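Observations on the model geometry
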Amino acid sequence: MVEREGYEILHEHSYDYCLCNTLEVEVSQAEEALGAILYAISLNPSGFNVVVEPNIFVAKISERPSEDLPPFRLFFRLHEEKKRVDLLYVDHG
């Protein structure tokens, strides 16, 4: 669980599984790459694209060849009334 200035961010088991087992990079490298987008999500999760109404969103990170990082897609559920975000899934989108 990560608490930030805005929304509380929780990891679902599905997110942790993907982070540890399905990505093409080490977990530490993926976590570092995702850090900036997680910060943005914690401040304004509704600013990202809705993929399933009403509350499933996707955040995308472009490939960064200079850092040897592939692109990422991070899917999350927003619970506006609880000021909480559940991280659901991450892959190379």
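See the structure printed just above.
Summary of the structure given here. (Residues numbered from 1 in each chain as written. Predicted model: local features only at pLDDT ≥ 70, side-chain atom pairs only at ≥ 80, totals over all residues. Heavy atoms only, no water.)

1. So, the packing of aromatic side chains
One pass over the full model with this rule turns up three aromatic pairs. On the numbers, 5.4 Å between centres and 10° between planes, the contact of Phe 57 with Phe 76 is stacked. Of this pair, Phe 57 sits in strand E3 (residues 56-61) while Phe 76 sits in strand E4 (residues 72-79), placing them 19 residues apart in sequence. Take Phe 76: its relative accessible area is 0%, and that puts it in the buried class. Centroid distance Phe 75 to Tyr 89: 6.0 Å. Interplanar angle 55°. Geometry classified as tilted. Note that Phe 75 is positioned in strand E4 and Tyr 89 in strand E5 (residues 84-91), a separation of 14 residues in sequence. With a relative accessible area of 17%, Phe 75 lands in the buried category. A connected cluster of aromatic rings, assembled from ring pairs, spans Phe 48, Phe 57 and Phe 76. The ring of Tyr 7 carries the charged tip of Lys 83 above its face, separated from the ring centre by 4.2 Å. (Phe/Tyr/Trp six-rings, centres within 6.5 Å; stacked < 30°, edge-to-face > 60°. Helix = DSSP H or I, 4+ residues; strand = E, 2+ residues; numbered from the N terminus. Buried < 20%, exposed > 50% of the residue type's maximum accessible area, 1.4 Å probe, protein only. Lys NZ or Arg CZ within 6 Å of the ring centre and 35° of its normal.)

2. Remarks on helix H2 (residues 27-43)
Along its 17 residues, H2 runs 24 Å from first to last C-alpha, staying within 8% of the 24 Å computed at 1.5 Å per residue. Along H2, the sharpest change in direction is near 40° and occurs at Gly 35. Where H2 is concerned, the buried positions are Ala 30, Ala 33, Leu 34, Ile 37, Leu 38, Ile 41 and Ser 42. Packed against the buried residues of H2 are strand E1 (8-11), helix H1 (13-21), E3, E4 and E5. (Expected span 1.5 Å × (residues − 1). Bend = angle between axes of the 7 residues up to and from the residue. Contact = heavy atoms within 4.5 Å.)

Fair warning: the whole summary comes from geometry, so function is off the table for now.
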